[in-house]
Amino acid sequence: MSGDDRNIPEENPPEEAVFKPSRWPGLIWAVPLAAVAIIAWLGISALTHSGPSVEVWFPVTGGLKPGTTKVQYQGFNVGHVGDVTISKSLNQMKVQIDFDSSMAGHLGPGTRYWIEGANFSLSNLSDIKEVISGPVIGVDPRPGKTVGKAQGLGEAPVLKSAEPGLQLALVTPELSHISSGSPVFYKGYKVGQVLDVAMAPDGKQFTIRIFVKAQWQNLVKADSRFWYAGAVRVSTAGGPGVQLESVPALLLGAVAFETPKGNAASAENEANYTLYDSKAQAENAPGSGAVLYQALFAGGPHGLAVGAPVQLEGSPVGSVTAVTMRYDATAKRLETLVTLALQPQRINLANGTWNLADPAPQMNAMLATLIAQGLRAELGSSVPVVGGKTIQLDLVKDAPPAALQPGNPPELPVFGSGGGDVGQVIAQVNDILASINAMPLDKIAVNIHSATSRLAALAKSRQTKQTLLHLDRAMAHVDDITRQAKAQLPAILASLRQTAAQAQAALASARGMLSPQGPANASTDEAGLPHTLYELSQAAASLRALADYLNSHPGALIAGRGTDHVARTVFAGLAQPGGMRRQADDLSGPRAY
């Protein structure tokens, strides 16, 4: 630009910029303002919906995660784990549980907490899901003001609420396969379950607490019997069989019970009962009114144990309460003293009833009478040889005299050596073997061999064969003769009848001659005609008897003389003096026929 141009004024000079601030903040502040609003809303919502917080102490268990592990009540989420810390002793952990506001007023005294899914249990198969997905904390609420600190359970309780029912304690010296949650059966139907199992401080017995639901608690009486029903057992009552309550009982263990008939009082809550090892022991266990007796057997017990049944003529009437083996130095032998209890209720009285307040006098009188009739105690088996040992009270035929021996308790007479079935069988086998060994078996074998050799030689001899051949031929001749006789018999009988008729006609003619008008009266020899008539009558009678006899006995033709010869002889003798009488005697006598 030239100097002249510098002095030329501008026509449109530029305007100066003026800053004017806005009354609204910039958009950049929208993000922090929104964050503040969200935080405020969450805080207000947390204050509005937050529930109580409780500190619970559990045994050290892995898998709990703050903010992740859930707290559930009957499957619904009611809170979560806020924090987990371990104690200084490292044997417990403190878990802070933050509940929803809905749980306020339900975490009062008695509320129980436990960890589900930390351990697998067959009694609760739902633990499988928690084992896979991770443990959760369960809660069993109680109404009331929230208790801020509580002691958790090591495992889930069987009853997760105050369900009405009956709780009982079962005592047993040995613990079978029973645990918390095992079922309780009555006649095969589940009516309750096991709450927990505890061992006494001295380790001598176990206490099993069970729960029976309210609708079934009337089935439990003061005299009910409980037994372990969680295993497969061989039963010999009424014949061999297998005893198994159910398949779940085989896996979990189980308790079963039954109640004898009667008017026993109802069971009281927390009452104590004995848990028997089997149903047979429970049924045969002595109850109220049982009367004790003892029996002394020679030898050892041979497997007899406490709880074995006692049978009277095959019917269970009690059980064995004690078995003691001892050595008698005087007799120099082993012996077994058995104490048994007889139950009066198992034996019905035809005339009267048992005085259950003191049944011993009645029981003693009954046994004394039966012992006089041969009742004896014997060691036996429910199934011969292989069955469990029992005490059998049986009537023994021709038993030596015995009596009920007084004592405390009285002693029953025994029968047998006490060796049991196996011992008796072995003794019998030994006796049989001894008898066999005493027999002269060598001589018997030689004699048998000699006899059989002679029989074989006789059978092979020529004379035996010829004798049998002749006998066969003789039998054939007899058959031929019999057939011929049967064929000729009708003609022979007809000839005999004709001969008899002719003789009868001759007799009639003779009578005509002897009549007053007959020619015989005109004869000078009157003495000879009546005699001749008598001869003819006897001959005719003989011929009729011959015909009748041959008709009834055709075999006489074979054994006796031929009929034609007989007939010729008869008629030949008619011409001789006195011949008719002799022929009549011969024909009517037993010698000819």
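Owing to the predicted nature of the structure, the values given are computational and were not obtained by experimental measurement. (Residues numbered from 1 in each chain as written. Predicted model: local features only at pLDDT ≥ 70, side-chain atom pairs only at ≥ 80, totals over all residues. Heavy atoms only, no water.)

A few points about the nonpolar core
Tyr293, Leu342, Ile391 and Leu393 are the most contacted members of the largest nonpolar core, which has 26 residues in total. When contributions to this core are tallied by element, the ones reaching two or more residues are strand 17 (291-298), strand 18 (309-312), strand 19 (315-328), strand 20 (333-342), helix 6 (360-372), strand 21 (375-381) and strand 22 (389-395). Not counting residues up to four positions away in its chain, the partners in contact with leucine 342 are Ala290, Val291, Tyr293, Val310, Val317, Gly318, Met363, Leu367 and Leu393. Of all hydrophobic cores here, the second largest spans 20 residues; its members include Leu170, Ile178, Tyr186 and Ile208. (Core = buried A, V, L, I, M, F, W, Y, C linked by side-chain atoms within 4.5 Å. Buried < 20%, exposed > 50% of the residue type's maximum accessible area, 1.4 Å probe, protein only. Helix = DSSP H or I, 4+ residues; strand = E, 2+ residues; numbered from the N terminus. Contact = heavy atoms within 4.5 Å.)

Re empty space enclosed by the protein
This structure, assessed with the given rule, holds 1 cavity of 30 Å³ or more. The volume enclosed by the largest cavity comes to roughly 30 Å³. Among the elements that make up the lining of the largest cavity, the one with the highest residue count is strand 21 (3 residues). Considered class by class, the residues forming the lining of the largest cavity number 6 nonpolar, no polar and 1 charged. (1 Å grid on protein atoms, 1.4 Å probe; cavity = no way out; pocket = protein on both sides within 12 Å on 5 of 7 lines; lining within 4 Å. Points joined across faces, edges and corners; volume = space filled by probe spheres on them. Nonpolar A, V, L, I, M, F, W, Y, C, P; charged D, E, K, R; others polar.)

Looking at the confidence of the model for the protein
Overall, the predicted model of the protein reaches an average pLDDT of 77, with 73% of residues at or above 70. Counted against residues more than four places away or in other chains, residues 236-240, with its pLDDT under 50, gives 4 contacts. Confidence over residues 417-422 falls short of pLDDT 50; this stretch has 16 contacts with residues more than four positions distant or in other chains. (pLDDT = per-residue confidence, 0-100.)

Details of the pattern of salt bridges
Summed over the entire model, instances satisfying the criterion amount to 7 salt bridges. Close ionic contact of aspartate 196 with arginine 209 constitutes a salt bridge, the shortest N to O distance being 2.7 Å. Highlighted residues: aspartate 196 in strand 10 (residues 189-199) and arginine 209 in strand 11 (residues 206-213), separated in sequence by 13 residues. For aspartate 196, a relative accessible area of 29% translates into the label partly exposed. In this structure, arginine 209 and glutamate 270 form a salt bridge, with 4.0 Å as the shortest nitrogen-oxygen distance. Of this pair, arginine 209 sits in strand 11 while glutamate 270 sits in the loop between strand 15 (255-258) and strand 16 (272-276), and the two are 61 residues apart along the sequence. You can call glutamate 270 partly exposed: its relative accessible area is 41%. It is possible to trace a salt-bridge network through shared partners that takes in Arg112, Asp140 and Arg142. (Salt bridge = Lys/Arg side-chain N within 4 Å of Asp/Glu carboxyl O.)

Observations concerning the pairing of strand 18
Along strand 18, one buried face is formed by Pro309 and Gln311 and the opposite face, lined by Val310 and Leu312, is buried too. As judged from the 4 bridges shared by strand 18 and strand 19, these two strands associate in the antiparallel manner. Bridge assignment links valine 310 to a residue of strand 19, and that residue is glycine 318. In this structure, the hairpin formed by strand 18 and strand 19 is closed by a connection of 2 residues, where glutamate 313 is found at a positive phi of approximately 50°. Note that strand 18 and strand 22 share 3 bridges and pair parallel. Looking at the pairing, glutamine 311 lines up with glutamine 392 of strand 22. (Pairing = 2+ DSSP bridges.)

Let's talk about a nonpolar patch on the surface
On the surface, Ile432, Leu433, Ile436, Met439, Leu441, Ile444 and Ile448 cluster together into a nonpolar patch covering about 610 Å² of accessible area. Taken together, the elements giving at least two residues each to the nonpolar patch come down to helix 7 (420-438) and helix 8 (441-460). Structurally, isoleucine 448 is set in helix 8. (Patch = residues over 30% accessible without salt bridge, like charges linked within 9 Å, V, L, I, M, F, W, Y side chains within 5 Å. Areas by Shrake-Rupley, 256 points an atom, 1.4 Å probe, with all protein chains shown as cover.)

Quick notes on the sheet that holds strand 18
Spatial strand order, 17-20-19-18-22-21: 6 strands in an open sheet with mixed pairing. If you trace the sheet from one side to the other, it starts and ends with strand 17 and strand 21, each paired once. Taking each pair of neighbouring strands and ignoring which way they run, the sheet shows an average axis angle of 30°. Pairing analysis gives 8 bridges linking strand 17 to strand 20, with the strands arranged antiparallel. Paired with alanine 298 across the bridge in strand 20 is glutamate 335. The sheet contacts of helix 6 involve strand 17, strand 20, strand 21 and strand 22, and relative to strand 17 the element is tilted by about 35°. (Axes fitted to C-alpha atoms, helices over the stretch in contact; angles between N-to-C directions.)

What to know about the environment of serine 89
Secondary-structure assignment places serine 89 in the loop between strand 3 (76-86) and strand 4 (92-100). Side chain to side chain, serine 89 and serine 87 meet in a polar contact 3.2 Å long. Separated by 2.3 Å, the side chains of serine 89 and asparagine 91 make a polar contact. (Polar contact = N/O pair within 3.5 Å; in protein donor to acceptor, adjacent residues only side chain to side chain.)

Quick word on the environment of valine 212
Among the secondary structure elements, valine 212 is positioned in strand 11. Classification of valine 212 as buried rests on a relative accessible area of 0%. Here the alpha-carbon distance between valine 212 and valine 184, two residues 28 residues apart in the chain, equals 7.6 Å. Setting aside residues up to four positions removed in sequence, valine 212 forms contacts with Gly165, Leu166, Val191, Gly192, Gln217 and Val220.

Concerning unusual backbone geometry
For the bond running from asparagine 408 to proline 409, omega is 5°, close enough to zero to count as cis. Secondary-structure assignment places proline 409 in the loop between strand 22 and helix 7. One non-glycine residue, glutamate 270, adopts positive backbone phi at about 65°.

Quick word on the sheet that holds strand 4
Taking strand neighbours across the sheet as the criterion, the 7 strands line up as 5-6-2-3-4-1-7 in an open arrangement whose pairing is mixed. Either end of the sheet is taken by a strand with one partner, and the two such strands are strand 5 (112-116) and strand 7 (149-151). Taking the axes of each pair of neighbouring strands and ignoring which way they run, one obtains an average angle of 30° across the sheet. Looking at chain direction, strand 2 (residues 70-73) and strand 6 (residues 136-140) are connected through 2 bridges and run parallel. Counted as the bridge partner of glutamine 72 is glycine 138 from strand 6.

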